[in-house]
Amino acid sequence: MTPFKLTKILNLKEHEKQKALHEYEEARSRFEEVAEKLYHFLKQKEDYEEQHKQQLQLGLAIQHIRSFQQFMGNLQRVIDHYQHLVMQARQQMELKQLKLVELNVEVKKYEKIKERYDEMIATQMRIAEQKQMDDISIQQYCHRETR
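Residues numbered from 1 in each chain as written. Predicted model: local features only at pLDDT ≥ 70, side-chain atom pairs only at ≥ 80, totals over all residues. Heavy atoms only, no water.

The name that an unreviewed UniProt entry assigns to the protein is Flagellar FliJ protein, with the source organism given as Anoxybacillus thermarum. Taken verbatim from the UniProt record of the protein, the Subcellular location (unreviewed entry) comment is "Cell membrane". Recorded in UniProt for the protein, the comment headed Sequence similarities (unreviewed entry) runs: "Belongs to the FliJ family." (UniProt positions renumbered as here; feature names shortened; annotations may be inferred.)

Put into structure tokens, the structure is as follows:
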């Protein structure tokens, strides 16, 4: 039986697939991390706005209102920055996912080729065994006839 000639390529593609899977997992983790930070800042902004709204009803000094507006402006810049980071992280994650899907398809193709090759070898072996059995049967028959 001859070995599968594309074994090295199949192993290489499987290695590339595992590497792509690892990269995708890292990209997904990075996306989740950045998205959680964005959520934290959005929640913080919402909480501060609600708190400020309650304080306004009680009455506040002008200086406090100005400092709150300045703080909210800074917080909004941070939120904008994290929104940009989330978009970038999502794009990277989607690119890594596409690469993973492509490599997965390639590996499946090579596995299918190997499967067909193995089936062909098994069929050839069955045919050879059947032929050998036929030859043995003919020899036994001839041996019985000569007695």
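Read on, since the account is not over.
Glancing now at the overall build of the protein. Regarding its fold elements, the protein presents two helices and zero strands. Taking 15 Å as the expected radius of gyration for a compact globule of 147 residues, we find that the protein reaches 35 Å, considerably beyond that expectation. Oriented by its inertia axes, the alpha-carbon framework of the protein measures out at about 125 × 25 × 15 Å. Residues classed as buried in the protein amount to 18% of the 147 residues present. Considering only residue pairs separated by 6 or more positions, the protein has 88% of its internal contacts joining residues 24 or more positions apart. Of the accessible surface of the protein, which amounts to about 11,800 Å², a share of 54% is contributed by carbon and sulfur atoms. Side-chain charges of the protein comprise 25 positive and 24 negative groups, with the mean position of each set lying 3 Å from the other. (Helix = DSSP H or I, 4+ residues; strand = E, 2+ residues; numbered from the N terminus. Rg over C-alpha atoms; globule rule 2.2 N^0.38 Å. Buried < 20%, exposed > 50% of the residue type's maximum accessible area, 1.4 Å probe, protein only. Contact = heavy atoms within 4.5 Å. Areas by Shrake-Rupley, 256 points an atom, 1.4 Å probe, with all protein chains shown as cover. Lys, Arg positive; Asp, Glu negative; His and termini not counted. Charge placed at Lys NZ, Arg CZ, Asp CG, Glu CD.)

Before going further, it helps to spend a moment on the UniProt feature "coiled-coil region" (unreviewed entry) in the protein. In this numbering, the UniProt entry assigns the feature "coiled-coil region" (unreviewed entry) to residues 10–37 and 86–120. For residues 10–37, the helix share is 100%, the strand share is 0%, and the end-to-end C-alpha distance is 41 Å. Span residues 86–120 is 100% helix and 0% strand, its end C-alpha atoms 50 Å apart.

The next thing to look at is the environment of Ala-20. Within the secondary structure, Ala-20 is located in helix H1 (residues 7–58). Not counting chain neighbours up to four residues away, the residues in contact with Ala-20 comprise Leu-100 and Leu-103.

On to the packing of aromatic side chains. Tallied over the entire structure, the rule returns two aromatic pairs. Note on Phe-41 and Tyr-82: the rings are 5.2 Å apart at their centroids and 40° apart in plane angle, and the pair reads as tilted. Here Phe-41, found in helix H1, pairs with Tyr-82, found in helix H2 (residues 62–146); they are 41 residues apart in sequence, far enough to count as distant. Summarising the burial analysis for this pair, Phe-41 and Tyr-82 share the class buried. Ring centres 5.0 Å apart and planes at 90° place the aromatic pair Tyr-48 and Phe-71 in the edge-to-face group. On the criterion of sequence distance, the pair formed by Tyr-48 in helix H1 and Phe-71 in helix H2 is long-range, its members being 23 residues apart. Judged by relative accessible area, which is 30%, Tyr-48 ranks as partly exposed. Residue classification places Phe-71 among the partly exposed residues on the basis of a relative accessible area of 34%. (Phe/Tyr/Trp six-rings, centres within 6.5 Å; stacked < 30°, edge-to-face > 60°.)

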